Amino acid sequence: GINAEYGDKDQIVNHYCKASSFTTKIGLSYHLRSLPWYDTSDPNEFFPRCYQLYDEDDRDDFKEDFEICASLSILKIYIKQHQEHISETEAESASSPEPEKDGIPTEKAENFVPLNAVGLAIEHLKQVIRALDDEFLDIKFDPKCGITNFQRKMILNYSFSLSSKNFRFSDFKQQTLKLATSMLQQFVELKLTQESIEGCTNTWIMKPGAKSRGRGVIPQNNLDDIIKLADSSKEEKWVVQKYIEHPLLVHNTKFDIRQWFMVTDWNPLTLYFYQDSYLRFGSRPFTLDDFDPSIHLCNNSIQKKFLSGKGLNETSLLKATCGPVQPSRNIYTRTESWKSGMI
């Protein structure tokens, strides 16, 4: 260990015992959740929500949140596909139709999701709003009024098929579009969703609670896989956090900023920033169709594996896919980034 008493006057020790409350993902998530008790700030307004999967109550809350996101994804995808369907119909030239099965082209019939999936998602979200109203009025919610566990499973399957397997809806109706749009608007107005970070894929990111340098971090969009991984090790405590599905990109590539600062006071919040910082980049263009770490984790300890010749992405491939301004080692200092026109 380090004995600070023997250091020079200009030396500051930044490693302390029992500092896990603000140096681990578990500690940070706990304190962010406790923030409303000490301040008027709402962490959901500036930080992607997270859950501790080793805690049973938190795990149940996460499952409920995941199911809600699945229903919202169904509505978002339906609205998007409805708009595409209108554009395709208007641009479609006259041609002989393929043999159909129940109104769907035969060769693609197995890749469709029924229209009633939208109705099921809407009914689920209505139940969520009713349950919140009953909780506010101190009325016990009657489970008989809600959807069944089988229907919840159907919602998860529909959402995954639409977002990860490129399934399409079997039919499109204007009234269904209005209902889906209205329900999404209600959730936004009631602030029941972090709309700015959520997309259509219901992607979450799993993190070991006390590890660093990107070790063990895995994006996931399948609830069964998330729970299975969380239960795979009794020693590991997992945190799951909503993934930002629409991140800020530079040359279509994910990046993060490593900035050093010192906090001297919490109230009022007083920060001192170190003048220099650096940017760390992924080595492949951003996409949610592939959860490869070279795309989603910008840690240097992760990215150096993909630039050493052992991974999928050599420097030549990197420049071909992301542009010639991409740094060969995926790191730019603040000064280099400005001079190169990177930012």
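Residues numbered from 1 in each chain as written. Predicted model: local features only at pLDDT ≥ 70, side-chain atom pairs only at ≥ 80, totals over all residues. Heavy atoms only, no water.

With that out of the way, let us pick up a nonpolar patch on the surface. On the surface, Phe261, Val263, Trp266, Leu269, Leu271 and Phe273 cluster together into a nonpolar patch covering about 650 Å² of accessible area. Elements represented by at least two residues in the nonpolar patch include exactly strand 10 (253–266) and strand 11 (269–281). Relative to the assigned elements, tryptophan 266 resides in strand 10. For tryptophan 266, a relative accessible area of 51% translates into the label exposed. (Patch = residues over 30% accessible without salt bridge, like charges linked within 9 Å, V, L, I, M, F, W, Y side chains within 5 Å. Areas by Shrake-Rupley, 256 points an atom, 1.4 Å probe, with all protein chains shown as cover. Salt bridge = Lys/Arg side-chain N within 4 Å of Asp/Glu carboxyl O. Helix = DSSP H or I, 4+ residues; strand = E, 2+ residues; numbered from the N terminus. Buried < 20%, exposed > 50% of the residue type's maximum accessible area, 1.4 Å probe, protein only.)

Where helix 3 (residues 56–91) meets helix 7 (residues 223–230), the axes come as close as 11 Å, and the angle between the chain directions of the two elements is 160°. By the angle class used here, helix 3 and helix 7 are roughly antiparallel. As for how helix 3 packs across helix 7, the hand of that crossing is right-handed. Judged by residue contacts, Arg59, Phe62, Lys63 and Phe66 of helix 3 engage Leu223, Ile226, Ile227 and Ala230 from helix 7. Broken down by class, the residue content of the contact of helix 3 with helix 7 amounts to six nonpolar, no polar and two charged. (Axes fitted to C-alpha atoms, helices over the stretch in contact; angles between N-to-C directions. Parallel < 35°, antiparallel > 145°, perpendicular 65-115°, else oblique. Left-handed = near helix turned anticlockwise from the far one by under 90°. Contact = heavy atoms within 4.5 Å. Nonpolar A, V, L, I, M, F, W, Y, C, P; charged D, E, K, R; others polar.)

What follows covers the confidence of the model for the protein chain. For the protein chain, mean pLDDT is 81; residues scoring 70 or higher make up 76% of the total. Low confidence marks residues 102–107, where pLDDT is under 50. Its contacts with residues over four positions away, or in another chain, come to 11 contacts. (pLDDT = per-residue confidence, 0-100.)

A few words on helix 3. Here helix 3 contains 36 residues, and its C-alpha end-to-end distance of 52 Å stays within 8% of the 52 Å for a straight helix at 1.5 Å per residue. Regarding helix 3, its N-cap is aspartate 55, as a side-chain oxygen of that residue lies 3.2 Å from the backbone nitrogen of aspartate 57 further along. (Expected span 1.5 Å × (residues − 1). Polar contact = N/O pair within 3.5 Å; in protein donor to acceptor, adjacent residues only side chain to side chain.)

For the rest of this paragraph, the subject is the packing of aromatic side chains. Throughout the structure, instances matching the rule amount to 11 aromatic pairs. Over the face of the ring belonging to tryptophan 204 we find lysine 242, whose NZ or CZ atom lies 5.7 Å from the ring centre. (Phe/Tyr/Trp six-rings, centres within 6.5 Å; stacked < 30°, edge-to-face > 60°. Lys NZ or Arg CZ within 6 Å of the ring centre and 35° of its normal.)

Formed by 44 residues in total, the largest nonpolar core has its most connected members in Phe62, Leu75, Val118 and Phe169. Elements supplying a minimum of two residues to this core: helix 3, helix 4 (116–136), helix 5 (149–164), helix 6 (174–189), strand 6 (204–208), helix 7 and strand 8 (238–242). Looking at this core, the element that brings in the most residues is helix 3, giving 11 residues. Not counting residues up to four positions away in its chain, the partners in contact with leucine 75 are Val118, Ala121, Ile122, Leu125, Ala180, Met183 and Leu184. Counting nine residues, the second-largest nonpolar core is a separate cluster that includes Ile205, Tyr243, Ile295 and Ile302. (Core = buried A, V, L, I, M, F, W, Y, C linked by side-chain atoms within 4.5 Å.)

The sheet built from four strands is open, its strands ordered 9-10-11-12 with antiparallel pairing. Each end of this open sheet is capped by a strand with a single partner; those strands are strand 9 (249–250) and strand 12 (331–333). In the sheet, strand 10 pairs with strand 11 via 10 bridges, with the strands oriented antiparallel. By the bridge assignment, aspartate 265 is partnered in strand 11 with threonine 270. (Pairing = 2+ DSSP bridges.)

To continue, consider the packing of helix 3 against helix 5. Helix 5 packs onto helix 3 with a crossing angle of 45° between their chain directions and a minimal axis gap of 9 Å. With respect to their mutual orientation, helix 3 and helix 5 come out oblique. Along this stretch, helix 3 crosses helix 5, giving a crossing that reads as left-handed. On helix 5, the residues touching Phe66, Glu67, Ala70, Ser71, Ser73, Ile74, Ile77 and Gln81 of helix 3 are Arg152, Ile155, Leu156, Tyr158, Ser159, Leu162 and Ser163. Looking at the contact of helix 3 with helix 5 residue by residue, the class counts come to eight nonpolar, five polar and two charged.

This paragraph deals with unusual backbone geometry. Phi angles above zero are rare outside glycine, and lysine 191 is one such case at about 55°. We classify lysine 191 as exposed; its relative accessible area is 67%. At asparagine 252, a position not held by glycine, the phi torsion is positive, near 65°. Note that asparagine 252 resides in the loop between strand 9 and strand 10.

Moving on, we come to the side chain of serine 73. Within the secondary structure layout, serine 73 lies in helix 3. For serine 73, a relative accessible area of 1% translates into the label buried.

As a further point, take the pattern of salt bridges. The full count for this structure, using the stated rule, is 14 salt bridges. When the shortest N-O distance is used, the salt bridge between aspartate 58 and arginine 33 registers 2.6 Å. On the criterion of sequence distance, the pair formed by aspartate 58 in helix 3 and arginine 33 in helix 2 (residues 25–34) is long-range, its members being 25 residues apart. When its relative accessible area of 6% is taken as the criterion, aspartate 58 is described as buried. Residue classification places arginine 33 among the partly exposed residues on the basis of a relative accessible area of 40%. With its nearest N and O atoms 3.4 Å apart, the salt bridge here joins arginine 168 to glutamate 84. With a gap of 84 residues between them, arginine 168 in strand 5 (residues 168–169) and glutamate 84 in helix 3 connect regions that are remote in the sequence. You can call arginine 168 partly exposed: its relative accessible area is 26%. One continuous salt-bridge network, built from bridges that share partners, spans Arg49, Asp65 and Glu198.

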